[in-house]
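Summary of structural features
One letter stands for each residue in the lines below.
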Amino acid sequence: MDEIIKNKNIYIQYNSNVFSNFSNKLFNIDYISKEGLIKSVMDGRGKALELEYGGKSYFLKHYIRGGFVAKISYDRYIFNSLASTRAVKEYNFLNTMNDKGLPVPKAAALQVITNRFTYKADLITCKIENEGTLYEFIKNNKMTKVLWNSLGTTIEKFYQENVYHSDLNAKNIIIDKDNNFFLLDFDNSYFFYDKKLFTKSMFRLERSLKKIKNYNHEIQNIVKKFSSL
Ligand SMILES: Nc1ncnc2c1ncn2[C@@H]1O[C@H](COP(=O)(O)OP(=O)(O)O)[C@@H](O)[C@H]1O
Ligand SMILES: [Mg+2]
């Protein structure tokens, strides 16, 4: 069940099935650091924070801009409607993918703060217990044939459900202790209508893997399968 908290220019939405005792202070960096709720700071595009709250673990992500526009505005986006904000779109997309049984994090809460024509946003997801990212597994020579096959099967599932991941790279893929793969970080992602988009994301993944030490072109067979779409 989704609950909504509105206060002036702040919009918060959270899943009450996830939190037994939600606090909007979870979006407040000063508060969560003072209370010692930050367990770790992740090295992704931004700085996702691992939080521990009420006996559960979460990830808090602040939406930041990349590339050239980042120089003008680091974390502000043009506001049109709540439904078109990064946070609401990713939150809803995660829920839909979860309903379809795809291996993605569970959406927990989001915050949008508007300011005249712009907004800033954050997203909280439930932590997936994992042994590391695909990036770490390759670098540390921990990938096996079984794991590559499992990755192929996982990617196939996303293809079957028409999911386009706009930033598929080795750090947005994690692996759990039972050899299951999960995809993360669905900002700007959506259901594709053109299969070529999926091919494009596979090539992007391949490029990201080629930069990793100890990578031996194992993804080639998986990419080949999708490259003729
Ligand atoms: N729900 C989650 N469960 C487990 N690990 C996560 C989760 N969300 C993020 N992470 C970890 O944090 C890193 C960065 O998170 P991500 O959502 O990719 O943000 P960004 O890349 O924009 O900084 C990921 O590579 C992953 O290691
Ligand atoms: Mg990422």
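Worth saying up front: this structure is predicted, and the values here are computed from it rather than measured.

Per the secondary structure count, the chain includes seven helices and 13 strands. Dimensions of the chain along its principal axes, counting C-alpha atoms only, are 50 × 35 × 35 Å. Long-range pairs, those at least 24 residues apart, make up 61% of the contacts in the chain with a sequence separation of at least 6. As displayed, the chain offers around 12,500 Å² of accessible surface, 49% of which is attributable to carbon and sulfur atoms. Seen as two clouds, the 35 positive and the 24 negative side-chain charges of the chain have centres 6 Å apart.

The next subject is the packing of aromatic side chains. Throughout the structure, instances matching the rule amount to 16 aromatic pairs. Aromatic pair Tyr14 and Phe19: ring centres 6.2 Å apart, planes at 80°, arrangement edge-to-face. Residue classification places Phe19 among the buried positions, given a relative accessible area of 4%. With centroids separated by 6.0 Å and ring planes inclined at 25°, the aromatic side chains of Tyr159 and Phe192 adopt a geometry described as stacked. Of this pair, Tyr159 sits in helix α5 (residues 145–160) while Phe192 sits in the loop between β13 (190–191) and α6 (195–210), and the two are 33 residues apart along the sequence. The buried category is assigned to Phe192, whose relative accessible area is 6%.

The protein atoms that coordinate the magnesium ion (ligand 2) are Asn172 (OD1) and Asp185 (OD), at distances of 2.2 Å. Here Asn172, found in the loop between β10 (163–164) and β11 (173–175), pairs with Asp185, found in the loop between β12 (181–183) and β13; they are 13 residues apart in sequence, far enough to count as distant. Here Asn172 falls in the buried class, since its relative accessible area comes to 8%. Given the relative accessible area of 21%, Asp185 is considered partly exposed.

As a further point, take a nonpolar patch on the surface. On the surface, a cluster of nonpolar side chains totalling about 350 Å² of accessible area is made up of Phe68, Val69 and Ile72. Within the secondary structure, Ile72 is located in helix α2 (residues 69–72). Owing to a relative accessible area of 67%, Ile72 belongs among the exposed residues under this scheme.

Moving on to the sheet that holds β11. A sheet is described by the order of its strands in space; here three strands give the open sequence β9-β11-β12, paired in antiparallel fashion. With partners counted over all chains shown, the strands left at the sheet margins are β9 (132–133) and β12, one partner each. When β11 meets β12, the two strands line up antiparallel, connected through three bridges. Bridge pairing in β12 links Ile174 to Phe182. Where α5 meets the sheet, its contacts fall on β11 and β12, and the angle it forms with β12 comes to roughly 40°.

What counts and how
- Residues numbered from 1 in each chain as written.
- Chains lettered and ligands numbered in written order.
- Predicted model: local features only at pLDDT ≥ 70, side-chain atom pairs only at ≥ 80, totals over all residues.
- Heavy atoms only, no water.
- Helix = DSSP H or I, 4+ residues; strand = E, 2+ residues; numbered from the N terminus.
- Contact = heavy atoms within 4.5 Å.
- Areas by Shrake-Rupley, 256 points an atom, 1.4 Å probe, with all protein chains shown as cover.
- Lys, Arg positive; Asp, Glu negative; His and termini not counted.
- Charge placed at Lys NZ, Arg CZ, Asp CG, Glu CD.
- Phe/Tyr/Trp six-rings, centres within 6.5 Å; stacked < 30°, edge-to-face > 60°.
- Buried < 20%, exposed > 50% of the residue type's maximum accessible area, 1.4 Å probe, protein only.
- Donors = N, O, S within 2.8 Å, 3.2 Å for Na, K, Ca; no water.
- Patch = residues over 30% accessible without salt bridge, like charges linked within 9 Å, V, L, I, M, F, W, Y side chains within 5 Å.
- Salt bridge = Lys/Arg side-chain N within 4 Å of Asp/Glu carboxyl O.
- Pairing = 2+ DSSP bridges.
- Axes fitted to C-alpha atoms, helices over the stretch in contact; angles between N-to-C directions.

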